[in-house]
Amino acid sequence: MAGPTAEAVNPDAGGSTVPPGDRGGPRLSISRPAVGADSDVTPLGAHHGAAVHPADRDRFLELVLGPDDEGSASYVDALVRCGVPVGAIYMELLAPTAEALGRMWAEDACDFLDVTLATGRLQRAVRTLGHGFVGAAPGGVPAGRVLLSAMPGEQHTLGLFIVAEYLLRDGWHVRVLTPDTSAELAAAVRDGWYDVVGFSAACDSRLLALRHEIAGVRRHSRNPHVSLVVGGRIFVEHPELVARVGADGTATTAADAPGCARGLLGVAAGRGHGSPVG
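Residues numbered from 1 in each chain as written. Predicted model: local features only at pLDDT ≥ 70, side-chain atom pairs only at ≥ 80, totals over all residues. Heavy atoms only, no water.

A few words now on the overall build of the protein. Scanning the protein from N- to C-terminus turns up 10 helices and seven strands. Across the 278 residues in the protein, those meeting the buried criterion constitute 45%. Contacts in the protein between residues at least 24 apart in sequence constitute 73% of all its contacts with a sequence separation of at least 6. Surface summary for the protein: the accessible area is close to 13,300 Å², and the carbon and sulfur share equals 55%. (Helix = DSSP H or I, 4+ residues; strand = E, 2+ residues; numbered from the N terminus. Buried < 20%, exposed > 50% of the residue type's maximum accessible area, 1.4 Å probe, protein only. Contact = heavy atoms within 4.5 Å. Areas by Shrake-Rupley, 256 points an atom, 1.4 Å probe, with all protein chains shown as cover.)

Okay, here's the thing in structure tokens:
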């Protein structure tokens, strides 16, 4: 099997496939203005070691909601220069910022345009960091094919893109889908072979819908032995819900997703149901 690849379905381009860019070779290339020590985007946690400080999250949220793209992008660049690992930026800065934006939207603290622009900036940060994150991974045994899908109509998808980076780093072929309808998701699993399909649920109000979508994936999947993985805080707090929605497993964090997926792939291989050749 060839090396890891990714594609993302862009809802703003009529469902067209957006290539992930060149992921060859370990590098981290971020074309942004240099950030000086006296700049107002100097990380507030720069003196606290290779980690993201809570004050960094507050400042970064202000920047992603700011008037232009450069402030938030330069802040991420500065964290990298300070030696903060990309994984920490994903999990301790970008993901919490996305959650904060979701809360602000729910509380009418910001409007649709603010959230849309801020989310776009977060997604660009994930993609930019991903070149070095994936390229720096040690070579390993190729894995299988994963489809990461948002719930139909769901707008908050940053977590899926972060999970995708960890899976790519582990050698998986990954597709991220943001379907408008259940029929679009059904067509994706019917037309393509996936060893694992993953969903994320942020709250218990979507659990019945999630159970419906999981049942639909099993019913329409080209792979009759596809494994279903769910993620999200609700499953960390209530792991019994994993079986209740019809899933086979859960990953408590994005970093845990590759191990969970490989475990399920191993179970399927033990039954003689691995990926097709090609």
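Moving on, we get to the packing of aromatic side chains. Under the criterion given, the structure shown has five aromatic pairs. Members of the aromatic cluster, each reached through a chain of ring pairs, are Tyr90, Phe133 and Tyr166. Of note, Arg169 hangs over the ring of Phe133, and the distance from its end group to the ring centre comes to 4.5 Å. (Phe/Tyr/Trp six-rings, centres within 6.5 Å; stacked < 30°, edge-to-face > 60°. Lys NZ or Arg CZ within 6 Å of the ring centre and 35° of its normal.)

This brings us to the environment of Val52. Relative to the elements of secondary structure, Val52 occurs in the loop between β2 (17-18) and α1 (54-64). Sequence-distant contacts of Val52, that is, excluding residues within four places in its chain, are made with Arg57, Val84, Ala88, Ile89, Glu92 and Leu93.

Here the focus is the pairing of strand β6 (residues 227-231). Burial analysis of β6 places five of its five residues in the buried class, which makes it a mostly covered element. Because side chains alternate across β6, one face comprises the buried residues Ser227, Val229 and Gly231, and the other comprises Leu228 and Val230, equally buried. In the sheet, strand β5 (residues 196-200) pairs with β6 via five bridges, with the strands oriented parallel. Bridging across to β6, Gly198 finds its partner in Val229. This β-α-β element, β5 to helix α7 (residues 207-220) to β6, shows right-handed connectivity. (Pairing = 2+ DSSP bridges. Right-handed = clockwise from strand over helix to strand, strands pointing away.)

Further remarks concern the nonpolar core. With 53 residues, the main nonpolar core has Tyr90, Leu94, Leu148, Ile162, Leu167 and Trp172 as its most contacted residues. Within the residue set of this core, elements represented by two or more residues are α1, α2 (70-81), α3 (86-106), α4 (112-135), β3 (145-149), α5 (158-169), β4 (173-177) and α10 (257-270). With 10 residues, the single largest contributor to this core is α3. Those residues in contact with Leu148, other than ones at most four positions away along the chain, are Leu160, Val163, Ala164, Leu167, Val174, Arg175, Val176, Leu177 and Gly198. Within the second largest apolar cluster, 23 residues are counted, among which are Tyr194, Val226, Phe235 and Leu241. (Core = buried A, V, L, I, M, F, W, Y, C linked by side-chain atoms within 4.5 Å.)

This brings us to unusual backbone geometry. The phi angle of most residues is negative, glycine excepted, and most peptide bonds adopt the trans form. Backbone geometry at Asp108 places phi at a positive 60°, although glycine is not the residue there. One can find Asp108 in the loop between α3 and α4.

Within the structure shown, the criterion is met by eight salt bridges. Asp77 is the salt-bridge partner of Arg81, the closest N and O atoms lying 3.3 Å from each other. Taken as a pair, Arg81 and Asp77 lie in helix α2 at a separation of four residues, close to a single helical turn. Taking the shortest distance from any N to any O, the salt bridge between Glu99 and Arg233 comes out at 3.2 Å. In this pair, Glu99 is assigned in helix α3 and Arg233 in helix α8 (residues 233-237), connecting sequence segments 134 residues apart. Via salt bridges that share partners, Asp69, Arg121 and Arg124 belong to a single interconnected network. (Salt bridge = Lys/Arg side-chain N within 4 Å of Asp/Glu carboxyl O.)

Now for α2. For α2, spanning 12 residues, the distance from its first C-alpha to its last is 16 Å, which sits close to the expected 16 Å at 1.5 Å a residue. α2 sits mainly inside the fold: nine of its 12 residues count as buried. Among the residues of α2, those classed as buried are Gly71, Ser72, Ala73, Ser74, Tyr75, Val76, Asp77, Ala78 and Leu79. Within two residues after α2, Gly83 carries a phi angle of roughly 95°, on the positive side. (Expected span 1.5 Å × (residues − 1).)

The next thing to look at is the confidence of the model for the protein. When pLDDT is averaged along the protein, the result is 80, and 76% of the positions lie at 70 or above. Within the protein, the element-level pLDDT minimum falls on β2, averaging 34, and the maximum on helix α6 (residues 182-191), averaging 97. This model gives residues 9-39 a pLDDT under 50, and the stretch forms 56 contacts once residues within four places in sequence are excluded. (pLDDT = per-residue confidence, 0-100.)

It is the contact of α1 with α3, at a shortest axis distance of 10 Å, that shows an interaxial angle of 60°. Here α1 lies oblique to α3, going by the angle between them. As α1 runs across α3, the sense of the crossing is right-handed. Packed against α1, whose contacting residues are Asp56, Arg57, Phe60, Leu61 and Val64, the element α3 presents Glu92, Leu93, Leu94, Pro96, Thr97, Ala100, Leu101 and Met104 at the interface. (Axes fitted to C-alpha atoms, helices over the stretch in contact; angles between N-to-C directions. Parallel < 35°, antiparallel > 145°, perpendicular 65-115°, else oblique. Left-handed = near helix turned anticlockwise from the far one by under 90°.)

Our focus in this paragraph is α3. The terminal C-alpha atoms of α3, which comprises 21 residues, lie 29 Å apart, in line with the 30 Å expected from a rise of 1.5 Å per residue. At Leu94, α3 shows its largest bend, some 25°, and a proline, Pro96, comes one to four positions later. Along α3, the positions that sit buried rather than exposed are Val86, Gly87, Ala88, Ile89, Tyr90, Leu93, Leu94, Ala95, Thr97, Ala100, Leu101 and Met104. (Bend = angle between axes of the 7 residues up to and from the residue.)

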